[in-house]
Amino acid sequence: MKILFKILLIISIIGLFIILYLPIKMFVNYWFDDLDFCLDTGVCQEGLSLNTEKGKIIVNKDTCLDHNGKWDEKYTRCHFPRPKFPIEEESE
């Protein structure tokens with residue numbers, strides 16, 4: 001009886017893992033795009049390739065600091081400053 005209880009407990013724990021964890025993992029891996037998150041928030045992971053007004057860059061500590069960003073050592077990501085909206089055009 002104790003063995004059957006342990007087996008059922010293990011199966012239920014595995015089932016909970018499958019039901020709760022895998023959909024979240026699938027969402028993050030398949031539907032979540034680092035580039036979209038970077039462009040929306042200005043928080044970009046190291047190694048991400050971006051097109052800027054200065055040309056194409058790969059996000060790392062040096063390029064982050066060159067573009068006035070704040071580098072986060074713990075998570076190896078850059079917090080780029082976001083432009084203030086609305087951007088006023090110069091009138092002639």
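In this text, all values refer to a predicted model and were calculated from it rather than measured experimentally. (Residues numbered from 1 in each chain as written. Predicted model: local features only at pLDDT ≥ 70, side-chain atom pairs only at ≥ 80, totals over all residues. Heavy atoms only, no water.)

A. Main features of unusual backbone geometry. Backbone geometry places N68, a non-glycine residue, at a positive phi of 60 degrees. Its place among the elements puts N68 in the loop between α3 (61-66) and β4 (70-72). Positive phi outside glycine occurs at T76, with the angle close to 45 degrees. (Helix = DSSP H or I, 4+ residues; strand = E, 2+ residues; numbered from the N terminus.)

B. View of the nonpolar core. Ranked by size, the top nonpolar core spans ten residues in total: C38, C44, L48, L50, I57, V59, C64, W71, C78 and F80. Once residues lying within four places of it in the same chain are set aside, the contact partners of V59 are C44, Q45, E46, G47, L48, L50, W71, C78 and F80. (Core = buried A, V, L, I, M, F, W, Y, C linked by side-chain atoms within 4.5 Å. Buried < 20%, exposed > 50% of the residue type's maximum accessible area, 1.4 Å probe, protein only. Contact = heavy atoms within 4.5 Å.)

C. Fine view of the sheet that holds strand β1 (residues 43-45). Pairing is antiparallel across the open sheet formed by three strands, whose spatial order is β1-β5-β4. At either end of the open sheet lies a strand with only one pairing partner, and these are β1 and β4. When strand polarity is set aside, the average angle formed by the axes of neighbouring strands in this sheet is 25 degrees. As defined by bridge partners, β1 adjoins strand β5 (residues 77-79) across three bridges and the pair is classed as antiparallel. Within the sheet, the bridge partner assigned to Q45 lies in β5 and is R77. (Pairing = 2+ DSSP bridges. Axes fitted to C-alpha atoms, helices over the stretch in contact; angles between N-to-C directions.)

D. Structural context of a negative patch on the surface. On the surface, a cluster of negative charge is made up of D33, D34, D36 and D40. Structurally, D33 is set in the loop between α1 (2-31) and α2 (34-41). (Patch = residues over 30% accessible without salt bridge, like charges linked within 9 Å, V, L, I, M, F, W, Y side chains within 5 Å. Areas by Shrake-Rupley, 256 points an atom, 1.4 Å probe, with all protein chains shown as cover. Salt bridge = Lys/Arg side-chain N within 4 Å of Asp/Glu carboxyl O. Lys, Arg positive; Asp, Glu negative; His and termini not counted. Charge placed at Lys NZ, Arg CZ, Asp CG, Glu CD.)

E. Inspection of the side chain of H67 at higher detail. Summarising the element assignment, H67 is placed in the loop between α3 and β4. On the accessibility criterion, H67 (18% relative accessible area) is buried. With near-sequence residues (within four places) excluded, H67 lies in contact with T52, K54, I57, F80 and P81.

F. Spatial organisation of the pairing of strand β2 (residues 49-52). By the bridge criterion, four bridges tie β2 to strand β3 (residues 55-58) in an arrangement that is antiparallel. Bridged to S49 within β3 is I58. Between β2 and the antiparallel strand that follows it, β3, lie two residues.

By themselves, these are just geometric observations and shouldn't be taken as functional.
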